[in-house]
Amino acid sequence: MADDVRYDYVVVGGGSAGATLAARLSEDARLQVLLLEAGRASHPVSRLPVSFGLLIHNAAANWLYRSDPEKQTAMREIPVPRGKLLGGSSAINGLVYVRGQPQDYDTWAQMGCRGWNWEQLAPVFRRMEHYEGPQSGERGEDGPLRVSEVPDRNPLYDAIKQAAVAAGYKINPDYNSPDQDGIGTTQTTISRGRRQSTHEAYLKPAMARANLHVVTEAQTERLLLEGKRCLGVEYTRRGERVQVRAGREVVLCAGGVASPQLLELSGIGRPDVLAEHGIAVQHALPAVGENFRDHINARIQWRITDRSVSYNHMARGWRMGQEVLKYITKGTGFLSLPSAPLVAFLKTRRDMETPDVQMHLVPYAVKNPKLRQLHPFPAMTVSCYQLRPESLGSIHIRSADVRVQPAIRFNFLADRIDQMAMSEGFRMMRRIVEAQPLDAFRGDEYSPGKGVSTEAEILDYIRANSETAYHPIGTCRMGPEGANTVVDEQLRVHGLAGLRVADASIFPTMPSGNTNAPSIMVGEKAAELLRSAA
Ligand SMILES: Cc1cc2nc3c(=O)[nH]c(=O)nc-3n(C[C@H](O)[C@H](O)[C@H](O)COP(=O)(O)OP(=O)(O)OC[C@H]3O[C@@H](n4cnc5c(N)ncnc54)[C@H](O)[C@@H]3O)c2cc1C
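Reading the values: rules and limits
Residues numbered from 1 in each chain as written. Predicted model: local features only at pLDDT ≥ 70, side-chain atom pairs only at ≥ 80, totals over all residues. Helix = DSSP H or I, 4+ residues; strand = E, 2+ residues; numbered from the N terminus. Rg over C-alpha atoms; globule rule 2.2 N^0.38 Å. Buried ≥ 20, exposed ≤ 12 C-beta atoms within 10 Å, placed from the backbone. Contact = placed C-beta atoms within 7 Å. Axes fitted to C-alpha atoms, helices over the stretch in contact; angles between N-to-C directions. Left-handed = near helix turned anticlockwise from the far one by under 90°. Nonpolar A, V, L, I, M, F, W, Y, C, P; charged D, E, K, R; others polar. Core = buried A, V, L, I, M, F, W, Y, C linked by C-beta atoms within 7 Å. Near = placed C-beta within 6 Å. Pairing = 2+ DSSP bridges. Arc of directions from axis to C-beta.

Student: Looking at this structure, I do not really get the overall build of the chain. What am I missing?
Tutor: Of the regular secondary structure elements, the chain holds 13 helices and 25 strands. What you see for the chain is a C-alpha radius of gyration of 22 Å, in line with the 24 Å of a compact globule of 534 residues. Each principal axis of the C-alpha atoms in the chain carries an extent, and together these give about 70 × 50 × 45 Å. Across the 534 residues in the chain, those meeting the buried criterion constitute 56%. Of the contacts formed within the chain by residues at least 6 apart in sequence, a portion of 69% connects residues at least 24 apart.

Student: I keep staring at the packing of helix 1 (residues 16–25) against helix 13 (residues 516–533) and nothing clicks. Help me out?
Tutor: Where helix 1 contacts helix 13, the axes come no closer than 8 Å and their chain directions differ by 30°. Two packed elements cross with a definite hand, and for helix 1 against helix 13 that hand is right-handed. Residues Ser-16, Ala-17, Gly-18, Thr-20, Leu-21, Arg-24 and Leu-25 of helix 1 touch helix 13, and the partners they reach there are Asn-516, Ser-519, Ile-520, Val-522, Gly-523, Glu-524, Ala-526, Ala-527, Leu-530 and Arg-531. Tallied by class, residues from the contact of helix 1 with helix 13 come to eight nonpolar, six polar and three charged.

Student: Just checking my understanding: could you explain the nonpolar core for this structure?
Tutor: One finds Val-10, Val-11, Val-12, Leu-21, Val-250 and Ala-502 to be the most contacted residues of the largest nonpolar core, which totals 159 residues. If we ignore the near neighbours within four places in the chain, the residues touching Val-11 are Gly-18, Leu-21, Ala-22, Val-33, Leu-34, Leu-35, Val-251 and Cys-253.

Student: Can you walk me through the environment of Leu-438 in this structure?
Tutor: With respect to the element layout, Leu-438 can be found in the loop between helix 11 (416–433) and strand 23 (442–447). Its 21 C-beta neighbours within 10 Å are what place Leu-438 among the buried residues. Between the C-alpha atom of Leu-438 and that of Ser-339, which follows or precedes it by 99 residues, the distance is 21 Å. The residues touching Leu-438, leaving out its near neighbours within four places in the chain, are Ala-159, Ile-160, Ala-163 and Val-433.

Student: Could you clarify how one ought to interpret the site of the ligand in this entry?
Tutor: By nearness alone, 44 residues border the ligand, and Gly-13, Gly-15, Gly-88, Gly-94 and Asn-514 come closest of all. For the shell around the ligand, the secondary structure elements donating two or more residues are helix 1, strand 12 (219–226), helix 7 (255–265) and helix 13. When residues of the shell around the ligand are assigned to their parent elements, the largest contribution, four residues, is made by helix 7. Looking at side-chain class alone, the shell around the ligand contains 18 nonpolar, 22 polar and four charged residues.

Student: Even after reading the chapter, I still don't get helix 7, so can you show me in this structure?
Tutor: It helps to recall that an α-helix has 3.6 residues per turn; residues three or four apart then point in one direction. Within helix 7, eleven of the eleven residues are buried, which leaves the element mostly enclosed by the surrounding structure. Three or more residues of helix 7 are buried, namely Gly-255, Gly-256, Val-257, Ala-258, Ser-259, Pro-260, Gln-261, Leu-262, Leu-263, Glu-264 and Leu-265. In the segment just after helix 7, Gly-267 is the residue with positive phi, at about 85°.

Student: What is the right way to read the environment of Pro-173 from this model?
Tutor: For Pro-173, the position within the fold is in the loop between helix 5 (155–166) and strand 7 (182–185). Each C-alpha atom, one on Pro-173 and one on Ile-183, is 8.2 Å from the other, the two residues being ten residues apart in sequence.

Student: Just checking my understanding: could you explain the sheet that holds strand 8 (residues 187–188) for this structure?
Tutor: Sheets are built from strands that pair by backbone hydrogen bonding, the pairs being arranged parallel or antiparallel. Pairing is mixed across the open sheet formed by three strands, whose spatial order is 5-6-8. Bordering the open sheet on either side are strand 5 (129–131) and strand 8, each of which pairs with just one other strand. Alignment of strand 6 (residues 145–149) against strand 8, held across two bridges, turns out to be antiparallel. Across the sheet, Glu-149 pairs through a bridge with Gln-187, a residue of strand 8.

Student: What is the right way to look at helix 4 (residues 118–128) in this model?
Tutor: Within the span of helix 4, buried status applies to Leu-121, Val-124, Phe-125 and Met-128. One side of helix 4 carries all its buried residues, which in axial view fall inside an arc of 100°. Pointing more than 90 degrees away from the buried face of helix 4 are the exposed residues Glu-119 and Pro-123. As for helix 4, its buried residues are in contact with helix 3 (102–110), strand 5, strand 6 and helix 13.

Student: Would you mind showing me how to read unusual backbone geometry here?
Tutor: For residues that are not glycine, phi is negative in most cases, and the peptide bond is trans in most cases. The linkage connecting Ser-447 with the following residue, Pro-448, adopts the cis geometry, with an omega of 5°. Position of Pro-448 relative to the elements: it lies in the loop between strand 23 and helix 12 (455–465). Positive phi values are uncommon outside glycine, yet Met-75 reaches one of about 55°. Mapped onto the fold, Met-75 is located in the loop between strand 3 (65–66) and strand 4 (79–80).

Student: Would you mind showing me how to read the environment of Asp-142 here?
Tutor: The topology assignment puts Asp-142 in the loop between strand 5 and strand 6. Looking at Asp-142, the number of C-beta atoms within 10 Å reads 9, which means it is exposed. Sequence-wise, Asp-142 and Met-128 are 14 residues apart; in three dimensions their C-alpha atoms are separated by 8.0 Å.

This is how it looks when you write it as structure tokens:
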């Protein structure tokens, strides 16, 4: 069946970048914009911050991918959650808001991505934000995305900050300023206790526009190509197959896992990968699915001696009722929390110019990251990842059927720099928690325990136990043609007309932090590029 509306732009995937892009494009009433999203519009709990833990294993809101077993991570299949709703991963994520370091984007520009240096992107970040914290001129005041500091207060948070100071680090009142260094209260995509996904912040206010057409439960199966031009896409919805044409362009915003998958299913990619699955090569582009990076995230857990500061005690049994009341009346407590109320950006070596590891400091501990069940005893967790990993993995199709999840291979800790940063970051977590200001709260380190102490033991522990921080990037990398890249600095797929990619898959390297804010920035930037070309 063919859809008979004449669209200018077809945006595939309504996530952090795609929802932002579609909403911004539709501000121009002359443009007809179609947004296709495979997931449903929303999930009943998504707006509660605590939904992070509830939706991480929920197929109604999540693609629930798993990685291939790899030697580097003890042959485990590591969960790869990805949002499957309007808002995409921003509708299920941990709500931590981090822009990254200016040097990240200056590096992108140095790699040949003109227009993407910090000076040019800082106004884009400001345009996105409505920062509810103190204004310094660095932060946006009237953008669609509300960003606020965690309002929850706890003597443990103060002690953790003081412990970081005692260990030699500084307190940073705004890690989203150009100076990321130090420990601070987490800034979140939460406003008045409710999640700010890109669905809430960007799409909902745009829905009434007659030129914005949003179709949910519409899974794009392939791009329609004629020679070297992309004409539109084919999708299925409730068993019906539909073809739509884009008068101007198709923009792929299906995220770090699904964007390379859709290119390969359409015959765009590494010829040997396509041949293996009987897909005719429409356009050879060897970087598709390569250059994949993510953050491997190592945790340490300690018992807490004062149970009144740990949510393992405060959010169990009947006390959960008090937390519900706290959330409803004051917008604080367990239900209001992002994945961590404190974050730190620190250097593992004195010779580093800027931080190279990030820590999340959490006033509770779960038995098993998979089940997310709270331990019955008071506890706390600190986790750490290297900000800019060097190790490169890949994501490639394992079938010509869009419903079969692609092969996700992280290749974590292959690079020596990554091993050094992760093992030193691990030791730094201990140095902070073992500092004097936490004496009044700290019990034993019960996981993994002090027996894991040499670099070899730490790396073995990480390989056997760690999961990711859910930040897949790089699989449709941006950069100059022929330089192991997929799109140019205008996000156009090299060698093809009518097709761009705009989501976390285009990041040339990992931004220093969680990846939602940079993905939304890509949506904003893509809208700017398309509207200036329209
Ligand atoms: C559990 C979890 C926790 C996270 N925590 C944080 C955090 O605390 N802070 C932070 O900054 N980042 C966090 N992230 C990462 C961040 O949310 C993502 O990097 C970001 O949302 C990626 O944006 P995107 O636009 O590239 O992809 P997504 O937001 O994932 O959007 C892709 C969209 O495309 C749709 N799609 C896929 N295939 C198709 C198809 N064939 N047809 C149509 N639609 C399709 C998907 O359903 C989805 O809606 C987390 C992610 C997860 C999953």
